[in-house]
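What follows is the residue order along each chain.
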Amino acid sequence: GITTHPIQLFVMAFFLPTVLLSMAVNGQVPTIALRDQGGPAGVVQMPVLAAGTGGYDNATATDAVIKAFNAGITHVHAAFDYYNLPGVGAGLSHRPRADFFLTAMTAPCIHTAANPKRNVTDPSACYDLTLREMNETLTLLGVDHADLFLLHGPSEPFGYQGACDAAICAINRAQWRAYQDFMHAGKTKAIGVSNYCQSCLRCLEQTPAYTPPAVNQVQWHVGMGGDPEGLPSFCNEEQIVVQAYGPLASGAVATDALCSTVGIPYNKSAAQVGLRWILQHPKIATAIVAKADDSAYLAEDLDIFNWSLSDADMGKLSAATVPKGQQDGRPSWGCAQ
């Protein structure tokens, strides 16, 4: 089951008064409506369950994508800095481009903790680098466009806990301008960010011809509460989708005593309870990227849409203070204000 295999998941939550979610019909995965960013594609409908590919070599990535397609998952999540894009692309080639939703990510211009390591501080050079890597991502995947591109983080050192300063803001805006131009060129239907806190998001507002992000990907799971650092509610006010990575806290949720106990009357695993907790936040439409290359696990990942936690159980899970997950339970690795 889902509690017995290593799995890394990402969950998207949309904080809007009206839930923009079309639930599964006849076994189909639900979709969520992303905001209209003024690009050629208009409003984008995104399947709420995606197959993740981080940490795989090329062969495993190909196998995982094919198994996800066979299980009925048509949304694939990939990244330039996963270094397996040819393998992901080989898996994608098994379906017509119109039959799947593709999310891709590229790295910030200051990126010192892991590859691609670089310290590009000139905004013009950062803009050029970003466009080059976005185009290279599509080439390596063997496609002419993505459905969603995410900027993997702000250009702050890994573990930084302050706000984005003026110099970093200029670099972030250069990357965001590249993302906007890429979208208006028709090479991606929607654009977003990851690990952006309030100050970094505010920085982007000064980008010429500014388009707000459709998505902000941050850590969020049972043990962090319903509004960590006020970031989800801030994104709600700005109509930005919150994508929570690590909803199982690197596996800790899957063995958590509270989640296990809560799951008993529903005949669900602790991991499924943790995922359902995020899926079921009041007035929040959610989506999940699940990393699994086993067909049985993929089938279990699909079994989180057709049941509900009681209000009492939702409250217990929201009040939990463990597990902490990565970054000592902080939503972002790149900023904290």
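Details of the structure are given in the entry above.
As the structure is a computational prediction, the values presented were derived from the model and not from experiment. (Residues numbered from 1 in each chain as written. Predicted model: local features only at pLDDT ≥ 70, side-chain atom pairs only at ≥ 80, totals over all residues. Heavy atoms only, no water.)

Caption draft 1: Here's a closer look at helix α2 (residues 85–92). Most of α2 sits inside the fold, with six of its eight residues counted as buried. Looking at α2, one finds that the buried residues are Leu85, Gly87, Val88, Gly89, Gly91 and Leu92. Considering only its buried residues, α2 is in contact with α1 (58–71), β6 (75–77), β7 (101–106) and α3 (123–141). (Buried < 20%, exposed > 50% of the residue type's maximum accessible area, 1.4 Å probe, protein only. Helix = DSSP H or I, 4+ residues; strand = E, 2+ residues; numbered from the N terminus. Contact = heavy atoms within 4.5 Å.)

Caption draft 2: Representation of the environment of Leu138. Residue position: Leu138 is located in helix α3. C-alpha of Leu138 to C-alpha of Thr211: the two residues are 73 residues apart in sequence and 22 Å apart in space. With residues near it in sequence (within four places) discarded, Leu138 still touches Val143, Asp144, His145, Ala146, Phe149, Phe182 and Lys187.

Caption draft 3: Broad picture of the packing of aromatic side chains. Evaluated as defined, the whole model comprises eight aromatic pairs. Residues Phe149 and Tyr179 carry aromatic rings whose centres are separated by 6.0 Å and whose planes lie at 85° to one another, so their mutual orientation is edge-to-face. Separated by 30 residues along the polypeptide, Phe149 in strand β10 (residues 146–151) and Tyr179 in helix α4 (residues 166–184) bring together distant segments of the chain. Measuring from ring centre to ring centre gives 6.0 Å for Trp220 and Trp277, while their planes differ by 70°; the resulting arrangement is edge-to-face. Of this pair, Trp220 sits in the loop between β12 (215–219) and α6 (231–237) while Trp277 sits in helix α8 (residues 270–279), and the two are 57 residues apart along the sequence. Since its relative accessible area comes to 0%, Trp220 is described here as buried. Three or more aromatic residues joined by ring pairs form one cluster here, namely Phe149, Trp176, Tyr179 and Phe182. Of note, Arg276 hangs over the ring of Trp307, and the distance from its end group to the ring centre comes to 6.0 Å. Just above the ring of Tyr56 sits the side chain of Lys291; from NZ or CZ to the centre is 4.7 Å. (Phe/Tyr/Trp six-rings, centres within 6.5 Å; stacked < 30°, edge-to-face > 60°. Lys NZ or Arg CZ within 6 Å of the ring centre and 35° of its normal.)

Keep in mind that these numbers describe shape and distance, not what the molecule does.
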